[in-house]
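Structural features, examined
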Amino acid sequence: MWVVLNSKSTSWNIIERLIFPAPTPSYTVDSFPQELILIPREDGVKVPCLFLPFQHARFLFIYFHANAEDLGLSYSFCKILRDLFQVHILAVEYPGYGICPGTADEAGIMANAEAAMDFAVKTLGWPKDGIKLFGRSLGTGPTVQLAAQNQVAGVILISPFTSIKALFQAQVGRLADFVQDRFANMDLAPQISSPTLIIHGMQDSLVPLEHGRTIYGAISCKKMLVTPHNMSHNTSLLKDVATFILPMTHFFSLPDYTFEEPEIPEWVFPPGAFDTDASPQKLRPTCQASWICGRPCGLGSEEENVVEPISQLKPQPKAQGLSEECVPDELTVPLADRKEQSPV
C-alpha cells in the first residue's frame with residue numbers, strides 16, 4: 001500500500017500505480033549535459049534518453065531500467081556498462097518517470113521503446129547486428145517485445161517475468177483474474193531469434209525464479225540461463241564478477257570494435273545543451289580503453305570501485321565451463337541485498 005500511496009504516477013488506477021511506482025524525479029533536463037537527448041515519437045512526444053558513447057565501440061546497448069527507478073537513478077550503472085564492456089549506451093525513460101511526459105502504461109512504454117529503436121537504426125544508422133537489447137525487471141517487458149520484432153546482436157534479461165498477471169496471481173490468487181494482463185513475455189518469448197542471456201536470482205521473492213526458467217524454456221535460439229544462489233531481485237549485478245560480468249563476456253563477444261562512430265544530430269539535444277564553442281560532431285567519449293587504479297575513469301562510488309576492466313577479469317576455476325544453464329552455487333558468493341520495493 002505504501003508503494004501505491006508514495007508513487008509519483010499520475011494514474012488513478014491502483015493497479016497501474018502498483019505496477020509503475022514512478023519515483024520522485026531524480027534529474028532535470030540540465031542534469032546530464034551533452035548526454036541527455038530527446039528522441040521524438042511518431043505522436044510528437046519527446047522521449048528523454050541517455051546516450052553514452054564509447055569510442056570505436058561496435059555494439060550499442062539499448063537499456064530499459066526497472067520500475068522503481070528513472071534515468072537519474074540508472075545513470076551510474078549505465079556508465080559502468082559503457083566503460084566495462086566498451087559499448088555505446090542508449091538508456092530509455094518511461095512515460096511519467098523522470099522528466100518524461102505522460103502516464104506509465106504498456107502502450108506508452110512501448111511507444112518510447114520503439115522510438116528508441118527507430119532512432120538507433122534510422123537516425124544513428126546503427127545496424128541491428130550491432131545492437132543488444134537489455135532489460136531489468138519491468139524493463140524486460142519492452143525488451144522482449146522489441147526482441148520478438150527484431151533480430152539483433154543479443155538480448156539480456158535480468159529477472160524477467162512471464163506476465164504481469166502471472167505475478168499478481170502468485171501474490172493475490174484469484175483476485176488477479178480482475179487484473180488486465182500486461183507485457184505477456186511468455187507469449188512472445190518463442191518469437192525471439194537473437195542470442196539471449198537470462199540472469200535470475202534464486203532468492204528473488206518479487207519475481208520468482210520460475211518465471212525466468214519458463215521464459216528460458218520457451219526460447220529456441222541460442223541461450224544461457226544463470227541462476228545465482230544468493231541473488232535477490234535488487235542485488236547488485238557488479239559486486240561478484242561471476243553473477244553478471246563473466247556470463248556476459250562468455251556468452252557475447254565483448255568488447256568488440258569498429259571504425260564507425262555514431263553521429264548525433266543537434267536537434268535531439270535540449271535547447272542550450274551546447275555553448276558557442278561546442279558542436280555535436282566534437283562530442284566524443286572522454287573515457288576510452290584506458291583505466292586508472294584498476295577501475296574505469298570517472299567512477300568513484302563504493303559500489304563502482306569493485307568493477308575492473310574486462311581485460312583484468314580472469315575467470316576463476318569455478319566460473320569456467322559455463323553451460324546453457326549455469327549451476328547457481330558455482331557462480332556467486334553471498335551479496336548484500338538492497339531493499340526490495342515493488343512487484344516488478
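What counts, and where the lines are drawn
Residues numbered from 1 in each chain as written. Predicted model: local features only at pLDDT ≥ 70, side-chain atom pairs only at ≥ 80, totals over all residues. Heavy atoms only, no water. Helix = DSSP H or I, 4+ residues; strand = E, 2+ residues; numbered from the N terminus. Buried < 20%, exposed > 50% of the residue type's maximum accessible area, 1.4 Å probe, protein only. Core = buried A, V, L, I, M, F, W, Y, C linked by side-chain atoms within 4.5 Å. Contact = heavy atoms within 4.5 Å. Expected span 1.5 Å × (residues − 1).

**Looking at the environment of Phe20**
- Relative to the helices and strands, Phe20 resides in the loop between α2 (14-19) and β1 (36-40).
- Phe20 sits in the buried class, given a relative accessible area of 0%.
- As a C-alpha pair, Phe20 and Asn67 span 47 residues in sequence and 5.8 Å in three-dimensional space.

**Looking at the nonpolar core**
- Grouped together as the largest cluster of nonpolar side chains are 53 residues, with contacts concentrated most on Ile37, Ile62, Leu90 and Ile131.
- Looking at this core, the element that brings in the most residues is helix α4 (residues 106-123), giving 8 residues.
- Setting aside chain neighbours within four positions, we find Leu90 in contact with Ile37, Ile39, Cys49, Leu50, Phe51, Leu60, Phe61, Ile62, Tyr63, Ala116 and Phe119.
- Formed by 36 residues, the second largest nonpolar core is a distinct cluster that contains Ile89, Leu197, Ile199 and Leu254.

**Some thoughts on the environment of Lys132**
- Structurally, Lys132 is set in strand β5 (residues 131-136).
- Placed 63 residues apart in sequence, Lys132 and Pro195 show a C-alpha to C-alpha distance of 9.5 Å.
- Among all residues touching Lys132, those that are not within four sequence positions of it are Phe59, Leu60, Phe61, Ile62, Ala153, Gly154, Ile156, Phe252 and Leu254.

**Focus: the environment of Pro33**
- Relative to the helices and strands, Pro33 resides in the loop between α2 and β1.
- Measuring from C-alpha to C-alpha, the distance between Pro33 and Gly272 comes to 9.3 Å, with 239 residues separating the pair along the chain.

**Description of α4**
- With 18 residues, α4 extends 25 Å from end C-alpha to end C-alpha; this agrees with the ideal 26 Å at 1.5 Å per step.
- The complete set of buried residues in α4 reads Gly108, Ile109, Met110, Asn112, Ala113, Ala115, Ala116, Met117, Phe119 and Ala120.
- Tucked into the core, α4 has its buried residues touching β1, β2 (46-52), β3 (60-64), β4 (88-92), β5 and α5 (140-149).
- Positioned one or two residues after α4, Gly125 has a phi angle of 70°, which is positive.

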